[in-house]
Amino acid sequence: MDTIEPEVKAEVREEISPDLTGPEAVARLNRDMQRNSLTPLWQIETNLMSRQPRTQTLPWLWKWSTLYDIAERAGALVPIERGGDRRAIALSNPGLEGRPFATPTLWTAVQWLNGHEVAPAHRHTAQAIRFIIEGNGSWSTVEGDRVFLERGDLVLTPPWLWHDHGSKSDERAIWLDGLDIPLNNYLDASFFEPYKGEAQAVTQALNGTVLKYGVGQMRPAWEKRSVEYSPIFTYKWTDTERALDNLAQVASSPYDDIALEYTNPHTGGPVMPAFSAWIQMLRPGIHTQAHRQVGSSVYHVFEGSGETIINGVSFRWEKGDFFVVPSWAWHEHHNLGGNERAILFSLHDTPLLLALNKYREESYQLNNGHQEITGTFQPV
Ligand code: GTQ
Ligand code: FE2
């Protein structure tokens, strides 16, 4: 067995000197703590337990024109091979020291699949969703259940289920991937396994979980409730859009207008334990009030144009753009698309904060809930 040698052996204290209580003794104490891998709280407390969240995550925005151009070039230049497994390009928040994470808890990537390609099957403990931006003729197979991908569909890849993606058309498919990779790694909980073959056999009727559970109000009487994650592997856009239109007839939020969380119909909770997914419609002209929450979010503009004001800075967005709202940042949304609706898809790590009893939210009290705009974000 290997042993780990401490850098400093045996010598826990320096030689006794005549100064037992003065500044020299304090300096010696500090040195001894350091060389024995100890840290005094009294020197770090104000950083360690800040009065309010002091995130490194920056509010940021990625333009669709840039994302698309880069993904398209990767599609032409980079084959999908075992080992890499996926042609996915991660949003790397410039505040997070070059790590490939959009926020401290969320991996968000744009994945590009060429026509007739297969991204080979594998499984991992990281929890994943896809939101389909373009998908004609492409599919994803999750544990033998093949779902066809169409624009606006939400597709789930719950932890440790086999999944592969492919296409039977000449067209490329492109979608948003959301995973809890940063959290999974922070918790030292990552397991990954490649599948023995390339793609799984399809063992169920197409869109099997939609047929089985998709109405959401009922489940096969002989089955138990699915508590850990939603048993529905795809939420079809036509249902999502109908739910938005229906909600708009009866209610709205002053902060988010017509906002819906995708739920596990068996629990009413989020689709995954580590994050929740939302779809939201900002009706024409809507300018919401600002609020802030503990927890980070990533948004994708599915339709329309507008701005989100984050901590006083206007982030102008249009169809396809992605942006990040860090923890405890004031934010309000503004549809600037004339008579057009705007639709935002988003991921939030709220379920973690709620489960751990760390969630807080606050509404902006000044100026009818609207922040003063002090700057405009300039995309690269
Ligand atoms: O499609 O299975 O963006 O495993 C990152 C890891 C996508 C996937 C990502 C993955 C996948
Ligand atoms: Fe995967």
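See the structure above.
Just so it is clear, the structure is predicted and the values come from calculations on it, not from any experiment.

## A closer look at the overall build of the chain
Then, in step 1: Of regular secondary structure, the chain possesses 7 helices and 23 strands.
Then, in step 2: In terms of overall dimensions, the chain has a C-alpha envelope of 80 × 60 × 50 Å along the principal axes.
Then, in step 3: Put simply, the chain has 380 residues, and 47% of those count as buried.
Then, in step 4: Sequence separation of at least 24 residues holds for 75% of the intrachain contacts in the chain that already meet a minimum separation of 6.
Then, in step 5: For the chain, the computed accessible surface area is about 19,900 Å², with 53% contributed by carbon and sulfur atoms.
Then, in step 6: Considering the chain, the positive charge centre built from 33 side chains and the negative charge centre built from 47 side chains are found 3 Å apart.

## Regarding the nonpolar core
Then, in step 1: Ranked by size, the top nonpolar core spans 39 residues in total, and within it Ile129, Tyr262, Phe322 and Phe345 carry the most contacts.
Then, in step 2: With residues near it in sequence (within four places) discarded, Ile129 still touches Leu154, Val155, Leu156, Leu176, Asp177, Gly178, Val271, Met272, Phe275, Phe345 and Leu347.
Then, in step 3: Listed in part, the 13 residues of the second largest apolar core include Leu61, Leu282, Ile310 and Phe377.

## As for the site of ligand 1
Then, in step 1: Taken together, the neighbourhood of ligand 1 is formed by Arg86, Ala88, Trp107, Ala109, Gln111, His122, His124, Arg130, His163, His165, Asp177 and Leu179.
Then, in step 2: At 2.9 Å, a side-chain N or O of His163 approaches an oxygen atom of ligand 1.
Then, in step 3: Burial of ligand 1 by the surrounding chains reaches 91%, relative to a free accessible area of 290 Å².
Then, in step 4: Every element with two or more residues in the shell around ligand 1 is listed here: strand 3 (107-113), strand 4 (118-124), strand 9 (163-167) and strand 10 (173-179).
Then, in step 5: When residues in the shell around ligand 1 are grouped by element, the largest group, 3 residues, is from strand 3.
Then, in step 6: Taken together, the residues that form the shell around ligand 1 break down as 4 nonpolar, 5 polar and 3 charged.

## Here's the deal with the coordination of the iron ion (ligand 2)
Then, in step 1: Protein coordination at the iron ion (ligand 2): the donors are His122 (NE2), His124 (NE2) and His163 (NE2), at 2.1 to 2.2 Å from the metal.
Then, in step 2: Positions of the donor residues of the iron ion (ligand 2) along the chain correspond to the pattern H-x1-H-x38-H. Separated by 41 residues along the polypeptide, His122 in strand 4 and His163 in strand 9 bring together distant segments of the chain. Note on accessibility: His122 and His163 belong to one class, buried.

## What about the packing of aromatic side chains?
Then, in step 1: A full pass over the atoms with the stated rule returns 13 aromatic pairs.
Then, in step 2: Ring centres 5.0 Å apart and planes at 75° place the aromatic pair Trp60 and Phe377 in the edge-to-face group. With a gap of 317 residues between them, Trp60 in strand 1 (residues 60-62) and Phe377 in the segment after strand 23 (375-376) connect regions that are remote in the sequence.
Then, in step 3: Looking at Trp60, the relative accessible area reads 22%, which means it is partly exposed.
Then, in step 4: Residue classification places Phe377 among the buried residues on the basis of a relative accessible area of 14%.
Then, in step 5: For the ring pair Phe131 and Phe345, a centre distance of 4.1 Å and an interplane angle of 10° mean the geometry is stacked. Here Phe131 is found in strand 5 (residues 128-134), whereas its partner Phe345 is found in strand 21 (residues 342-348), with 214 residues between them in sequence.
Then, in step 6: Here the aromatic residues Phe131, Tyr235, Trp237, Tyr262, Phe302 and Phe345 are joined through ring pairs into a cluster of three or more.
Then, in step 7: The side chain of Arg151 reaches across the aromatic face of Phe302, ending 3.8 Å from its centre.

Definitions and cut-offs
Residues numbered from 1 in each chain as written. Chains lettered and ligands numbered in written order. Predicted model: local features only at pLDDT ≥ 70, side-chain atom pairs only at ≥ 80, totals over all residues. Heavy atoms only, no water. Helix = DSSP H or I, 4+ residues; strand = E, 2+ residues; numbered from the N terminus. Buried < 20%, exposed > 50% of the residue type's maximum accessible area, 1.4 Å probe, protein only. Contact = heavy atoms within 4.5 Å. Areas by Shrake-Rupley, 256 points an atom, 1.4 Å probe, with all protein chains shown as cover. Lys, Arg positive; Asp, Glu negative; His and termini not counted. Charge placed at Lys NZ, Arg CZ, Asp CG, Glu CD. Core = buried A, V, L, I, M, F, W, Y, C linked by side-chain atoms within 4.5 Å. Near = heavy atom within 4 Å. Polar contact = N/O pair within 3.5 Å; in protein donor to acceptor, adjacent residues only side chain to side chain. Nonpolar A, V, L, I, M, F, W, Y, C, P; charged D, E, K, R; others polar. Donors = N, O, S within 2.8 Å, 3.2 Å for Na, K, Ca; no water. Phe/Tyr/Trp six-rings, centres within 6.5 Å; stacked < 30°, edge-to-face > 60°. Lys NZ or Arg CZ within 6 Å of the ring centre and 35° of its normal.

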